[in-house]
Amino acid sequence: MIASAPVSLSSLSLRAFGEQGEAQETVSEPLSNQSAGAESSSVANVPARSRYLCGAGDSLSTGQTDYGGLLTKDVPLAADAQAKLRQVITTWKERQEKHGGDKLSLIELLKREIPEYLRPADDDPAKVLSAIIHSPAGQALGKLLQDSIDAVDTATSIQEVLLSALLLDIDPAGGLQRNNLAGYALRQQDNWGLSPADIVQRFEAHLATKFGAQNAKIIAFQLLSVSAPEFLVKDVPANLVYGSHQWAAFSAAVLRREAIHPGSSAGRTYAQIMADDDIAPASGIERRQQQFAQMTAVIDWGIANGVILEKSDDAYTPEDIQRAVEAMEAQYKTLTDSVNALTAPMPTRRELALEELRRVYGPEKEAFFEKKILGEIYPGSPGRKAYSLLDIYMSGDLGKHFWISSDPGFTTEQVNLGFQKLPHIKKHFSEKFDEYSAGLKSGFSAQFKYQLSVLPVEDRRLIEHGKVTTFNLRKPDGHQGPVSAEHKIQPYVNSGAILIRAELDGKTCHYLYSPTQGRIITDADPSSTVMVASGLTA
């Protein structure tokens, strides 16, 4: 599969790619007139959460849970109220802790208050959080917290204040600093080019060192729900990686949804998210939310692709945004050109000849091009051999004889008058084929460079700066033994795939580039134990 180009950023919408990279409809409003103009000036120097939650609705009315509690309301919890919650949490934890050693998280302490037979498994974070919220201990603590800040008593206030407390206990910023969640930067350089599943695994490993492995998944779930809900979507395509233009389109779709219904993306599938994003905004507010979501995605893409520098306060200027837009547009054009080149039909002498004949004689004469009506002597003469105009033109014999037509619908005069207007077909074909070959070469080069750009940073470094050796993959000879069916490169043998060996600083890694699938596969060492024979030719 050839990697498709992203949506043109001369269109506002980043949404253009389905699971297989196929282009969909876009909203045709220039981004340069929106994001980098008045809109960007209103969001530059504002924390990212504000960028995409402007005007967020109450998700509880939809049956979803906004795990940010009071911290992610349109008017978030004030700093002094947050300080008061921390004070109450500290006091409550000191009373509850029954074991020495490391301090326990609020989540862990509240979990312990739930009878084991009622306690959900830790691998279902949503159910664990729900059990905590509705447990007697959770309700009592929630009431205490609510009273401490004089919060208005509503049907959801205890849940909201308790969720806020859980966040403030594990993260000083309450999960609102999307580039620093409990001390972990999801969008750090080491995560560029990784799948969302790999990034979440790394995040949970970080949290496990602070809060224990049994709580890492629960805490990760709540933090991601607040600041990076795109990492909680299910059934994401295997080739979707952070930093790609497909990821930008996907994350913009998630953030747009979250702006309307916070907490509603977790558990939904990739296909559902993208289908929902196909629906045009129903109001000016939704349109603005869509713009903010898209802008956030463009900024993340620009950082991951080295176009703009990441800022600790997540505050970016209109110039930063415009630079990212222009870079994405340039990538769009390059990939579009490469897709067009790689999918263009191979020129044939016959098609080129017919095209020129139509140009010179007109499409109304096309029915005569392949009829054998032309000869060197008059019709009816003994030994007359008849040829079609197409055959004569393709043979290069147009000018060698005066050709006489046997059909009054396409006269001798009409036929011969057009000869001087036709290019030499052999030369014409050679030029067109050279253009086609050059397009293929350029297209394959652009596709490879793009696939290289979405690899993890260390893999890029190895290939770009190391000693690179390439091999063609073929079936091994009989004396070499069979190729193990379990080896990841086995399906690519004799498929045109290229094995790449990169060596740098004493490290050797193997990659497999499949032009037909448009991807570079990592960890493709042919000498691993499951590979009986590599079948390589340099």
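Residues numbered from 1 in each chain as written. Predicted model: local features only at pLDDT ≥ 70, side-chain atom pairs only at ≥ 80, totals over all residues. Heavy atoms only, no water.

Colleague: What exactly am I supposed to notice about the overall build of the protein here?
Modeller: Across its full length, the protein holds 18 helices and 8 strands. Counting over 538 residues, the protein shows a buried share of 50%. For the protein, the accessible surface area stands at approximately 25,100 Å², while carbon and sulfur atoms represent 52% of it. (Helix = DSSP H or I, 4+ residues; strand = E, 2+ residues; numbered from the N terminus. Buried < 20%, exposed > 50% of the residue type's maximum accessible area, 1.4 Å probe, protein only. Areas by Shrake-Rupley, 256 points an atom, 1.4 Å probe, with all protein chains shown as cover.)

Colleague: Before we go on, may I ask you to explain the sheet that holds strand E2 (residues 387-388) in this structure?
Modeller: Read from one edge of the open sheet, 3 strands run E2-E1-E3, paired in antiparallel fashion. Each edge of the open sheet carries a strand with a single partner, namely E2 and strand E3 (404-405). Sheet analysis places strand E1 (residues 372-375) next to E2, joined by 2 bridges and oriented antiparallel. Each residue of the ladder has a partner; that of Leu374, found in E2, is Tyr387. (Pairing = 2+ DSSP bridges.)

Colleague: Looking at this model, I keep getting lost on the packing of aromatic side chains. Mind explaining?
Modeller: Remark: the centre distance and the inter-plane angle together describe each pair of aromatic rings, the angle taken between the planes. All told, the structure shown has 13 aromatic pairs when counted by the stated rule. Ring centres of Tyr242 and Trp247 lie 5.8 Å apart, and the angle between their planes is 70°; on these two criteria the pair is classed as edge-to-face. Residue Trp247 is classed as buried on the basis of its relative accessible area, which comes to 3%. Where Phe448 meets Tyr513, the ring centres are 5.0 Å apart and the plane angle is 75°; that geometry is what we call edge-to-face. With a gap of 65 residues between them, Phe448 in helix H17 (residues 425-453) and Tyr513 in strand E6 (residues 507-514) connect regions that are remote in the sequence. Classification of Phe448 by relative accessible area gives partly exposed; the value is 23%. (Phe/Tyr/Trp six-rings, centres within 6.5 Å; stacked < 30°, edge-to-face > 60°.)

Colleague: Would you explain the pattern of salt bridges in this entry?
Modeller: When charged atoms on two side chains of opposite charge get close, those side chains can pair. Tallied over the full model, the rule gives 27 salt bridges. Between Arg257 and Asp276 there is a salt bridge, and its shortest N-O distance comes to 2.7 Å. One end of the pair, Arg257, is in helix H10 (residues 245-260); the other, Asp276, is in helix H11 (residues 270-277), with 19 residues separating them in the sequence. Exposure remark for Arg257: the relative accessible area of 19% places this residue in the buried category. The salt bridge partner of Lys372 is Asp391, with a shortest N-O separation of 3.3 Å. (Salt bridge = Lys/Arg side-chain N within 4 Å of Asp/Glu carboxyl O.)

Colleague: Even after reading the chapter, I still don't get the packing of H10 against helix H12 (residues 284-304), so can you show me in this structure?
Modeller: Helix-helix packing is characterised by the crossing angle of the two axes and by the distance between the axes. Two numbers describe how H10 lies on H12: the axes approach to 8 Å, and their chain directions differ by 145°. The two elements H10 and H12 meet at a crossing, and its hand is right-handed. Contact residues: His245, Ala248, Ser251, Ala252, Leu255, Arg256, Ala259 and Ile260 in H10; Glu286, Gln289, Gln290, Ala293, Gln294, Thr296, Ala297 and Trp301 in H12. When the residues that make up the contact of H10 with H12 are grouped by side-chain class, the tally is 8 nonpolar, 6 polar and 2 charged. (Axes fitted to C-alpha atoms, helices over the stretch in contact; angles between N-to-C directions. Left-handed = near helix turned anticlockwise from the far one by under 90°. Contact = heavy atoms within 4.5 Å. Nonpolar A, V, L, I, M, F, W, Y, C, P; charged D, E, K, R; others polar.)

Colleague: How should the environment of Arg178 be read in this particular structure?
Modeller: One can find Arg178 in the loop between helix H7 (157-170) and helix H8 (196-211). Sequence separation between Arg178 and Leu224 is 46 residues; the distance between their C-alpha atoms is 8.7 Å. A polar contact is formed between the side chain of Arg178 and the side chain of Asp300, at a distance of 2.8 Å. (Polar contact = N/O pair within 3.5 Å; in protein donor to acceptor, adjacent residues only side chain to side chain.)

Colleague: What exactly am I supposed to notice about the confidence of the model for the protein here?
Modeller: Detailed reading of the predicted model is not advised wherever pLDDT is low. Taken residue by residue, the protein gives an average pLDDT of 83. The fraction at 70 or more is 83%. Scored below 50 in pLDDT, residues 5-62 shows 168 contacts in the model against residues more than four places distant or in partner chains. Predicted confidence for residues 529-538 stays below pLDDT 50, and this span has 34 contacts to residues more than four positions away or in other chains. (pLDDT = per-residue confidence, 0-100.)

Colleague: Just to check I follow, could you spell out the packing of helix H14 (residues 349-361) against H17 for this structure?
Modeller: Two elements in contact, H14 and H17, have axes whose closest approach is 10 Å; the angle formed by their N-to-C orientations is 115°. The interaxial crossing formed by H14 with H17 has right-handed handedness. Two secondary-structure elements touch here, H14 through Arg349, Leu352, Ala353 and Glu356 and H17 through Ile425, Lys426, His428, Phe429 and Lys432. Looking at the contact of H14 with H17 residue by residue, the class counts come to 4 nonpolar, 1 polar and 4 charged.

Colleague: Is there a simple way to explain H7 in this structure?
Modeller: Think of an α-helix as 3.6 residues a turn; residues three or four steps apart then line up on the same face. Between its first and last C-alpha atoms H7 spans 20 Å; for 14 residues at 1.5 Å apiece the expected length is 20 Å, and the two agree. The element H7 is largely enclosed, with a buried count of 14 among its 14 residues. (Expected span 1.5 Å × (residues − 1).)

Colleague: Before we go on, may I ask you to explain the pairing of E6 in this structure?
Modeller: Across a regular strand the side chains alternate sides, sitting on one face of the sheet and then on the other. Of all 8 residues in E6, 6 are buried; the element is thus mostly enclosed. Sheet topology places strand E5 (residues 498-504) next to E6; 7 bridges connect them, and they run antiparallel. Looking across to E6, one finds that Leu499 is bridged to Leu512. Bridging between E6 and strand E7 (residues 519-521) involves 3 bridges; their strand directions are antiparallel. Each bridged residue has a counterpart across the sheet, and for Ser514 the counterpart in E7 is Arg519.

Colleague: Before we go on, may I ask you to explain the environment of Glu326 in this structure?
Modeller: Structurally, the position occupied by Glu326 is in helix H13 (residues 318-343). On the accessibility criterion, Glu326 (45% relative accessible area) is partly exposed.

Colleague: Help me understand the environment of Ile500, please; the structure alone is not making it clear to me.
Modeller: Considering the arrangement of structural elements, one finds Ile500 in strand E5. With a relative accessible area of 4%, Ile500 lands in the buried category. In sequence terms Ile500 and Ile520 are 20 residues apart; their C-alpha atoms lie 9.6 Å from each other. Among all residues touching Ile500, those that are not within four sequence positions of it are Phe448, Val468, Thr469, Thr470, Cys509, His510, Tyr511 and Tyr513.

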